[in-house]
Amino acid sequence: MAKNDLQGALDLLILKTLSQLSSMHGYGIVNHIRRVSDDRLIVEEGSLYPALHRMEQCGWVRSAWAITDYGRKAKWYSLTRAGREQLAAREKNWEQVAKGVDAILRFA
Amino acid sequence: MGLFRRIVTLGRRTRMEREIEAELREHMQMCIDDNVAAGMSRKAAEREARLRFGSPVAARERVSEEDAALGLESVWRDVRMALRGFVKSPGFSIVVVATLALGIGANTAIFELLDAVRLRTLPVSKPDELAELQIVGGNRGFGLNEGMFMNFTIPMWLEVKDHHDPFSGVFAWRANGMEVGKPGESRQVRALEVSGGFFSTLGVTPWQGRLIEPQDEAGCQLTKVVASYGFWKSQMGGVPITANTTIVVEGKSVQVLGATPPSFFGMEVGNRFDLAYPTCTPAKLRRDIFFYSVMGRLKPGWSVKQANDYFNALSPGLFENTAPTGYSADAVKTYTSFRLGAYPAGAGVSHLREAYSSSLNLLLAITGLVLLIACANLANLMLARSSRKQREIAIRMALGATRARLLRQMLVESALLALLGAGLGVVLAQPLSRALVASLSTNGNSIHLTIAADWRVLLFAAGVGVATCILCGTVPAFRSSKTEPVSAMRSGERGLMGNRERFWMQRAMVVTQVAVSMVLLVGALLFVRSYRNLVTLNPGFRESGVVLGYFGFGHMHLKQENIAAFKRTLVEDVQTLPGIENATATNNVPLTGGSWSHTVDVGALNGSSRFTYVSPSYFATLGIPILTGRGFTSQDRSDTPLALIVNQAFIRQFVRSTSPVGQRVHVRPEPDYPERTYEIVGTVPDTKYFDLRGEAPPIAFVPAEQFPVTGQRPGMAMMIAARDTAGVERSVRQMFEQKHPGLNMQFANFEQGIRDNLVGDRLMAMVSGAFGVLAALLVVIGLYGVLSYFLAQRRGEIGIRIALGASRSRVVGESLWDAGKMLGIGLIMGVMLALVAGREASTMVFGLKPWDPATLIGAAALLAVVTVVTSIVPALKAANVNPIETLRSE
């Protein structure tokens, strides 16, 4: 079971986004999640950055300053090897959680 | 790894913070860019981004908090901020740190003494393995007892020496005095008589030469000694010890084998030894002199409990084999019923421990209470301070600081204060502790304790520091972190809202202070009065203007039957000296801790009575009146009927007849003291015997001339009464040096000796008195502070009321009433606490009940006066408020 579903979900979203985009800055991550989920999921900036910094400390992501397409300076995050492993574990875990939640919702 | 990198970059906080800030700023910019691209005006775009993003400061803090290393950094920032705060309000900081330092210092000082006296183990290898053997319950006064800690006769020791399965080694020792130096310029040193296994069993290794070994026990002539490090350094100049090193001991030149290491002070905590010499087994063994203390080192695998069982099982045979002869069958039966027990001895033995343990515990409690009062004061100070800082706190909360963050900062502040206080306290504790030891030392008995801040002391101080930090810091911190920013900012610094409920806590603290200081004052009064009772107590005989002279004449080798006559001539010689009122011989000087008793039968009644053998002049010298019958005269000689003068306690216990004079008293035999029958010729009032506290025991006086010849020893004690005691020693010395060259003479002041036995009581009186005063002082400060603060908070209200026509006296009366209520509740609680605490102290106070009403009333009255005087000043100040000015400033 997931230790902390909410946080686990946010981490999963960020990790997955980074694995799809290979490298992205915080603003881009928010936009990506929003776009792909058709505005259903909106990540708050107040939660995003603490999560990114925590993940960086755990060694799941690394960061570097670079210029965006529109000429702004930003910190770009990308997955490390440990991050990819983490993502795989989380994805598996999430399937279990989703199935569990689904089962409960369908219980008649 | 990331965390490691962060720790390495610790101190480069600003760079990291800037980085976070830049990241967040860029994020916002991108947000604005997109909004503008979507067609918003620049202004609307910025506003929308900011609304979405929230407070940038709070966001940055949250990101930083994820960073463990940065978290450490921010604690450091709190520390710096707290220090800046202290520097900004130096008065506050100095008061707080000084109060804490004194409080913690006093506590630590007492604890250091307790530690040195009771907790620390002997400086020998593996002290936990040492066990002492004792007769369970003591020997109940059987035979002759040479002193404290000595509970083995030589035959008993020899038995244990051969049978000690639980021990890998055993040894016997006793403390003794010795004369060192050439005759005429000799001086008394502290000696240890030790068996051959003493040093090897203890694991003490030589510092110089070698120590005493089993082969040294051969021969009872004193030929070799071992010096302590202190003696070797100070008396022998620290010159390396060789086979030719000798010193003069007891008039003879003896070889010094070696010296012990500096840390080894002997077996008694609070004392130290100068010389050690080997025991020997004399040809003629006394079986009834309790002479040695016996200890052993447990073999691996043996516990003290197992050893105890072993020696308990060994006891019947042991006491059967060593039973003394010459005693009545009853007495021998008592002896053979003794059982040996084993007790942990890793901390050595200590007279101090037995005498002062309960005093030290009580002192620790007293200093603890003083610290509690100080803490309450500090908590009040902090509360007042935090409510002054309320506005600042409100602003910080409004800006997004979390409660946890504010709480941490306030706790850091009080932790720093406690740390500073505890640090200074440990430094202060050393001299305080030394001063206490010095006050317990007397001329005749100096105390040598190693006062050191070992880990136990430091741990204790740290514990006290943490406790004070929690007591004075936490409550105010929690209180102010609960601040509602909006109401606090609206009501300003001294508004009416939100402050009322806070008062109850300050009131509770004042009440606690009054209650605790009531306990301390009652304690102080009890101990001071108890000491006064002891000092002014009439023991039943003359104390002042009496010199004690101890004379030894072993060198004259007098025949047993001539000793009594020689003693008489010594007394007569002293009596003829000018300036001397009277003189008497006695075998026991009262109130010096000695005791001499025999078992008596009077008709059908029997029991133990003290026996004192005295010159006829004894009662005149000490001013004891003869109540009935006659005193002794020079006609009471060894060849006349045996005469006895008894005190009232003796009559109460043994004489059923209405006229004691003429009654016969039978004394049971003991070795050297044959069976005898005396006739009571006179009676005297009760006099104190062993110490001032004890009731007078039954005492029987016998003329010195009738002392059994077989028991005579070449030494005597003389009590010399003179108006000018200073000159006595010189004139007696002069006379006897001419008349009896080589006579060993020592002098002491009787009254001084009695006072010296009261140093423990004096210490309690002094320290508890000082702390009682300190407690009252702290209450004054605390109360004044709290009242001033209350009234300052209510200045607006008072202003309005005066403007509306309230009289000033009413305002004063009201605030006095307020103080009176707190005082009343505090006093009631204090009296109850004092009654509970008094039970603990009941054995320590003399001539008073712990619930002594005069003491309780006195302490309460003192506190009441102090409180009223303290409250009048702020009350008057409040009443003199100018209503216009106050209302305008509102």
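Student: Now, about the overall build of chain B: what can you tell me, with residues and values included?
Tutor: Each helix and strand counted, chain B has 27 helices and 23 strands in total. Computed over its C-alpha atoms, the radius of gyration of chain B comes to 38 Å, more than 25% above the 29 Å expected for a compact globule of 890 residues. Overall, the C-alpha framework of chain B stretches about 135 × 75 × 50 Å when taken along its three principal axes. Within the span of chain B, comprising 890 residues, buried residues form 39% of the whole. Partitioning the intrachain contacts of chain B with sequence separation of at least 6 by distance along the chain shows that 83% fall at a separation of at least 24.

Student: Pulling in residues and values, what's your account of the nonpolar core?
Tutor: Residues and elements named next belong to chain B. By size, the foremost hydrophobic cluster in this structure holds 106 residues, and its most contacted members are Val370, Ile373, Val514, Met518, Leu520, Leu521 and Ala775. Considering every element that reaches this core, the biggest residue donor is helix H12 (residues 351-388), with 20 residues. Formed jointly, this core draws a minimum of three residues from each of two domains, domain 2 (89-120 + 352-493) and domain 4 (513-530 + 760-890). For Met518, the contacting residues outside a window of four places in its chain are Gly826, Leu827, Gly830, Val831, Ala834, Ala859, Ala860 and Leu863. Listed in part, the 58 residues of the second largest apolar core include Phe152, Ala172, Phe199 and Leu202.

Student: Got a sec to walk through the interface of chain A and chain B? Specific residues and values, please.
Tutor: One widely used convention gives an interface's size as the accessible area the parts lose upon coming together. Across the contact, 16 residues belong to chain A and 18 residues belong to chain B. For the side of chain A that touches chain B, the secondary-structure elements that each account for two or more residues are helix H2 (26-36), helix H3 (45-58) and strand S3 (73-79) of chain A. Per-element accounting of the side of chain A that touches chain B gives the leading share, 8 residues, to H3 of chain A.

Student: Describe the domain arrangement of chain B, listing the residues and the values that go with them.
Tutor: Residue and element names in this part refer to chain B. Segmentation of chain B into domains returns domain 1 (2-79), domain 2 (89-120 + 352-493), domain 3 (131-346), domain 4 (513-530 + 760-890) and domain 5 (554-742). Inter-centroid distance (C-alpha atoms) of domain 2 to domain 3 is 46 Å. Contact with domain 2, which involves 6 residues of that partner, is made by 5 residues of domain 3.

Student: Before we move on, could you go through the sheet that holds S3 of chain A and cite the residues and values that matter?
Tutor: Residue and element names in this part refer to chain A. On the basis of which strands lie adjacent, the open sheet formed by 3 strands has the order S1-S3-S2 and antiparallel pairing. Lying at the two open borders of the sheet, with one neighbouring strand each, are strand S1 (24-25) and strand S2 (61-67). Pairing between S1 and S3: 2 bridges, direction antiparallel. Looking at S3, one finds that Met24 is bridged to Tyr77.

Student: Please provide a residue-by-residue account of helix H13 (residues 390-398) of chain B, values included.
Tutor: Residues and elements named next belong to chain B. When we look at burial in H13, the residues that qualify are Gln390, Ile393, Ala394 and Met397. On an axial view of H13, the arc spanned by its buried residues comes to 100 degrees, and they lie on one face. Backbone geometry just downstream of H13 places Gly400 in the positive-phi region, at approximately 110 degrees.

Parameters at a glance
- Residues numbered from 1 in each chain as written.
- Chains lettered and ligands numbered in written order.
- Predicted model: local features only at pLDDT ≥ 70, side-chain atom pairs only at ≥ 80, totals over all residues.
- Helix = DSSP H or I, 4+ residues; strand = E, 2+ residues; numbered from the N terminus.
- Rg over C-alpha atoms; globule rule 2.2 N^0.38 Å.
- Buried ≥ 20, exposed ≤ 12 C-beta atoms within 10 Å, placed from the backbone.
- Contact = placed C-beta atoms within 7 Å.
- Core = buried A, V, L, I, M, F, W, Y, C linked by C-beta atoms within 7 Å.
- Domains from an automatic or database assignment.
- Pairing = 2+ DSSP bridges.
- Arc of directions from axis to C-beta.

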